Every structure is written in structure tokens, then in C-alpha cells.
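# Analysis of the macromolecular model
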Amino acid sequence: MKKIDRIIEEIDRLKPVSHIGEKIMEVTSNPDSSLSDLVDIVKYDQGMTANLLRICNSAYFGLAKEIASIKQAVAYLGIDKVASLAIMGNSSDNFREAQEGYDLNEGELWRYSVSSALISQDLAEKKHLNNISLIFTSALVKDIGKVILNTYVKDSFEAINMAVQNKGLTFIDAEKEVIGIDHAELGARVAEYWNFSPAMVNIIRNHHHPENASDEDLAIPIVHLADCICMMMGRGVGSDGLAYRYYQDAVDRLNFSDIDLQETMVGFTEKFEDIEELISLSGGQ
Amino acid sequence: MNLIVGVGDMKVSNDPESVLLTYSLGSCIGLAIYDPVVKVGGLLHYMLPESNIDVQKAKKNPFMFGDTGIPSLFKDTYKFGAKKNRLKIIVVGGSQILDQKGLFNIGKRNHTVLRKMFWKNNAMIDFEDVGGSVNRTLKLEIKTGQAWLKVSGTEMKKI
């Protein structure tokens, strides 16, 4: 068996997305979905409902009133956001462990995933996009490939690092050159295996290559930019450092000014403690 | 005791038991200063170069910005008796993502604002490791003034 096939076979060792998580994603990818569809899915799972309400009531959202039901949560935060949070509250399982190959301690990959999803959501809201839940969820799980590739990166770290230092490759291109597959491509394969929507697979596959996005697609540039902002702020950055490429043309398509982006960084930093609380409520630490 | 300095944060101490530590400097700058005579040290981790993007927020948290954080760091160590001409100064961070150009190249701008302020105020840097596409961690021991630097992909080293 070829090495890449062996790596892809390891997708099976990931904890699969729960049935309920799958259902929520189905609802959010359907433009005709309604509040009652979401309530119907969540209401039979008491643990999930309670956790979702705790998340919605966390300081990050700064709601003046305590929310007591999913219906109320949707009224205050919107169906898109509540669905995103339901997925977040249900997705941390694969992301919690330490990833030694990437030099990330326990909890750091999840902390990074949530941060990147929140920044993506913030940028998408500023652009008034209508697929915010898709963007949030894709940003949240975009590095699932790292969970599998981690052991291979650890074994080949010297060679990957040499390719970055001496050949000027990005870390992700070096992964592909040395191991045969990179974490974004592997993540896309996982997403396909789990029957995620083609739009989500596409974002995961190209989050480091937004030049592949079609001209009208703003989701990929947003997730790419949010990822770059996280790296700049040192969120979830490990042995790969900032050795990725910044695609100015793709980012320019979003029409953000330098000040907009700096304000995003300030807003995130100001909410730092609330974000930490949100990360822990969503299954991190 | 480790005193962790977060993003947009600063700590100053003369407690010989304390160690100032900041993780994960990407495009941010970690600035450590230490006076070996009065044994006081400070560590600043600022994120953006200039506070004029939001003066109100800079008043609330001056440590987010270079132009407000750097003077605060020096002033706070002076309160403990530090003198500028004795300070050992360490500057690390300011990394860039590859091909990052123009205004949003925050790493480079963070470094530039520091160089300008130091030039104006005659402050000399003793150790500097800035730029590239790496991630850095900086540590300063108050008892001895010994500092350590970890660059992504390598082990922690004394500097």
C-alpha cells in the first residue's frame, strides 16, 4: 500500500461527527431551513441544549438577558449563529489532544480553531455575507488534517524544516513534498469522507491557497485572512511558525482597509478572557 | 514563579523569585528590559504599531500598541529605581507571513515603530532577533537578568 493511502486510511481513527452534528450541518447548508428545523434537532438532546444555552449566555455575546431556550437564543443571536455554536459545542473531540509534530500542547489546536472561526465570523459579518455558518464551521474544522498528519510531521520534521529554511517553501508545500500530502488536502479528504458539503470541502482544501477560489467566492479569502490574522497574533502557531503564504490579491477582493484589519485584531484581544471562557465551554480547556 | 505576559500585556517585577514569560510572538514584538543594579525587569508584548487607530482603547490598554506600550514599560521600571543607561534591552518577534507586503505587514511596522522611538530616545538594543516567518517565546529571569528565546522548530536557548 502506498504511503498516502495508508495516511488516508487513518481517517477512520478520528472520532466521527455525531449524528446530531451532521443534522445541524445539513440544516445550515439548506437555504430553506427554518428555526423549527434546528429546534427539532437540538431539543431532544438535553445535554446539548444545556451546553448550547451556556455558550449563548457566555460573556462573549454580552446579552443583557439570560437566555432560557433555543428559541430565545435564535431570537437574540439569529439561526445562523446558534447553529454555528451548536456545531462548535459538538466538535472539539478530535482537536483537544497535543499535536507534537506541530509543537502544539494539549488544547492549543482547539483554541486556535475556535479563534480562527470567530475571526472568520467577524469578517464575514462585516461583509454582510449570507453564508456565515458555513464560513464559521469550515474555519473551525479546517485543520482536522493536522490531527492525522501530526505523527508524520513529527517523524519528518527535520526534512520539512530544511525544505522551509533552504528552499523557501511554505510549511504546507513542504508537508506535501516530504510526506506526499498536506494537512489541507488531507482535511478535505476527511470532510468528503464525513459527507460535508462540497462548499465546505472546497474551503478546507484551499484555505492556504485562496488563489484557487473562483472570483465571486469570498468564503475562502475570508477563512484564509482569518487564519493569517491568527498566525500574526500567535494563536495556534507552533513548529510551522508563520511559514505560509499571504495571498494579497485574494485578500484585496474583500476590500478591507488596513485599519479594518487592525480593528479586528484589537476587538479580538479586548475580548480575550471572554473567548477563553467560550473555548472552555465548547469543550476545550 | 512564572508571570505570563499575554498579547497586549506587560509585567514589571523586582521579585527575585519571578520569571517573566511571553509565548507565541508572531508579528507582535516582545520587548524585555532589565536593570542589573536594582534587579528590576519588565516584559511587554505589543500587537500593533500605533495607537492612533483607536485612542480610547489605547488609554484603556496601552500595551496593545508599540507607541503607547514602550514608554509605559520604561516608566514602570523607573518606578523601581531602574536607570535607562543601565538597561539591558532585548527585542524579539515582528515575524511576517511570506509575501506579506504593504500596510498590513504589521510585523515590519511593529519593528519600525520601536526603532524610531529608540533612535529618538537614545536607547541601545543589546540583543535582537526580529523578522522571518517564525514564532518566538521569550523568558526573563528577574534574579539574574538571564533571558531565553525559543524559536519555532528549535529548542529554548539562553541569550
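Residues numbered from 1 in each chain as written. Chains lettered and ligands numbered in written order. Predicted model: local features only at pLDDT ≥ 70, side-chain atom pairs only at ≥ 80, totals over all residues.

## Some words on the overall build of chain B
Scanning chain B from terminus to terminus reveals three helices and ten strands. In sequence order, the secondary structure elements of chain B are arranged as β-β-β-β-β-α-α-β-α-β-β-β-β. In terms of C-alpha radius of gyration, chain B reaches 15 Å, essentially the compact-globule figure of 15 Å for 159 residues. Within chain B, the proportion of its 159 residues that are buried is 48%. Pairs at least 24 apart in sequence give 63% of the contacts found in chain B among residues at least 6 apart. (Helix = DSSP H or I, 4+ residues; strand = E, 2+ residues; numbered from the N terminus. Rg over C-alpha atoms; globule rule 2.2 N^0.38 Å. Buried ≥ 20, exposed ≤ 12 C-beta atoms within 10 Å, placed from the backbone. Contact = placed C-beta atoms within 7 Å.)

## Looking at the nonpolar core
All names here are of chain A. Grouped together as the largest cluster of nonpolar side chains are 137 residues, with contacts concentrated most on V82 and I229. With eleven residues, helix α14 (residues 219-232) is the largest single contributor of residues to this core. Here this core gathers at least three residues from each of two domains, domain 1 (18-90) and domain 2 (95-281). Beyond its immediate chain neighbours, meaning those up to four positions away, I229 contacts I119, L261, T264 and M265. (Core = buried A, V, L, I, M, F, W, Y, C linked by C-beta atoms within 7 Å. Domains from an automatic or database assignment.)

## Remarks on the domain arrangement of chain A
All names here are of chain A. Looking at the assigned domains, one finds that chain A contains domain 1 (18-90) and domain 2 (95-281). Relative to domain 2, the C-alpha centre of domain 1 lies at a distance of 24 Å. Contacts between the two partners involve 13 residues from domain 1 and, on the opposite side, 16 residues from domain 2. Here the element with the most residues in the side of domain 1 that touches domain 2 is helix α6 (residues 79-88); it accounts for five residues. Residues that form the side of domain 1 that touches domain 2 fall into these classes: seven nonpolar, four polar and two charged. (Nonpolar A, V, L, I, M, F, W, Y, C, P; charged D, E, K, R; others polar.)

## Considerations on the environment of G47(A)
Residues and elements named next belong to chain A. Residue placement: G47 occurs in helix α4 (residues 46-56). Residue G47 is classed as exposed on the basis of its 8 C-beta neighbours within 10 Å. Through-space distance from the C-alpha of G47 to that of E211 is 41 Å; in sequence the pair is 164 residues apart.

## Here's the deal with the sheet that holds strand β9 (residues 147-151) of chain B
By definition, the strands of a sheet pair up through backbone hydrogen bonds, in either a parallel or an antiparallel sense. Residue and element names in this part refer to chain B. A sheet is described by the order of its strands in space; here five strands give the open sequence β1-β3-β8-β9-β10, paired in mixed fashion. Strands at the two margins of the open sheet, each flanked by one partner only, are β1 (2-4) and β10 (157-158). Strand direction decides the pairing type here: β9 and β10, joined by two bridges, are antiparallel. Looking across to β10, one finds that L149 is bridged to K157. (Pairing = 2+ DSSP bridges.)

## So, α4(A)
All names here are of chain A. The set of residues buried in α4 consists of M48, L52, L53, I55 and C56. Buried residues of α4 fall within an arc of 160° about the axis and therefore sit on the same side. Exposed and oriented more than 90 degrees from the buried face of α4 are Q46, G47 and A50. Packed against the buried residues of α4 are α2 (19-29), α3 (35-42), α5 (70-77), α6 and α17 (272-281). (Arc of directions from axis to C-beta.)

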